[in-house]
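In case you want the letters, here they are:
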Amino acid sequence: MTSSESNGVREYQRQVALITWLGLACNVLLAAGKIAAGVLGHSRAVLADGVHSLTDLATDLAVLIGVRFWSRPADENHPHGHQRIETLVTLAIALALAVTALGLGYDGLSSIRNKDFHKPGWIAFGAAMASLVVKEILFQVTRKKARMLNSSALMANAWHHRSDAFSSIPAALAVAVGALFPDWAFVDSIGALIVCLLILKASMDIAWPALNQLSDRAAPPEATSSITSVILATPGVVATHAVRTRYLGSSLQVDCHVMVEPEITVRQGHDIAKAVRERLINDDPNVGDLNIVDVVVHVEPVEEPGSRDDKGRSGGT
């Protein structure tokens, strides 16, 4: 790894760690405050919201530890790089959210079944509103940084902040209703169930893209179309086929077959393949937002017999 690459990795790690440490510090304060307010204010909804903030601590730590691994360059044991560790961290965040939602949901249902209701106090309402404001700010800041660094794990953590902000809304409303109308104290338990459903929905939204990446799902058709256009615009390329893509974390790997004139030399064919690779990875603005990190180019002569079978796939290797 060159000195500039090493500096780039360290700066990436520093940026991810900085925003994550900010979130972690806020989560410690919010979790302690909401759990205390939920207990003192007799609010299951705010208590559930506080436990949700505790799971944020676990996901913050997962990002802080994981970034040291997924940002490493390719090596002998991982020739395609370590980017899929980021996908695994993303999936772990989703799983933590789902487990939390199911546990809190069970507690809420138990309280409704046993009619274990208490009039919530206004201290719980204040804690929920404070969490809403702080978490929405954290979401906006973390999402902006995730987009800048093109990090799916950081983006998952940002949406974890947003799910916590959303979960504070029904918690605050449930406390307000229960405090104003004591006969409706059961609304607090219903609010806790709504919080759980919101958390579960957030976990599914985070997990689905990660599962798609782990199953080697291709990039969207419009991305493949942009890649194909760049390949065809490369001087020396007559045609292309078998353009395949797959995600490595938040990055993209591309395989393609390019067809060239049969009379050119091996060196010229190599130069064309090199130009295709460099344009896709470094130069062309049409695919700059795809974060392509690796391209494998197979060169074929235009008139090669049997270069395609009846399904349009390459017959070569």
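The structure this text deals with has already been given above.
Residues numbered from 1 in each chain as written. Predicted model: local features only at pLDDT ≥ 70, side-chain atom pairs only at ≥ 80, totals over all residues. Heavy atoms only, no water.

**Quick word on the overall build of the chain**
To keep it simple, the criterion reads: Per the convention used, a helix needs a DSSP run of H or I reaching at least four residues, while a strand needs a run of E reaching at least two, with both numbered from the N terminus. When accessible area is computed with a 1.4 Å probe and restricted to protein chains, residues below 20% of their type maximum are described as buried, those above 50% as exposed, and intermediate ones as partly exposed. Here, residues are in contact when the closest pair of their heavy atoms is within 4.5 Å. For every accessible area listed, the method is Shrake-Rupley and the probe measures 1.4 Å; residues are considered covered only by the protein chains on display.
When helices and strands are tallied, the chain shows eight helices and three strands. Reading the chain from its N terminus to its C terminus gives the helix and strand order α-α-α-α-α-α-α-β-β-α-β. Per-residue burial for the chain yields a buried fraction of 45% across its 317 residues. Taking contacts inside the chain between residues at least 6 apart in sequence as the whole, the part at least 24 apart equals 73%. As displayed, the chain has an accessible area near 16,100 Å², and 63% of this comes from carbon and sulfur atoms.

**Quick notes on the packing of aromatic side chains**
Basically, it comes down to this: Stacked, edge-to-face and tilted labels apply to pairs of Phe, Tyr and Trp rings (six-membered ring for Trp) whose centres lie within 6.5 Å, assigned for plane angles under 30 degrees, over 60, and everything in between, in that order.
Per the stated rule, a full pass over the model turns up two aromatic pairs. Centroid distance Trp122 to Phe125: 5.5 Å. Interplanar angle 80 degrees. Geometry classified as edge-to-face. Taken together, the residues span about one helical turn, with Trp122 and Phe125 both in helix H4 (residues 122-149) at a distance of three residues.

**Brief notes about the pattern of salt bridges**
We count it as follows: Should a side-chain nitrogen of Lys or Arg be within 4 Å of a carboxyl oxygen of Asp or Glu, the pair is scored as a salt bridge.
Scanning the model with the defined rule gives four salt bridges in all. With a shortest N-O distance of 3.5 Å, Arg277 and Asp294 are connected by a salt bridge. Separated by 17 residues along the polypeptide, Arg277 in helix H8 (residues 266-283) and Asp294 in strand S3 (residues 292-301) bring together distant segments of the chain.

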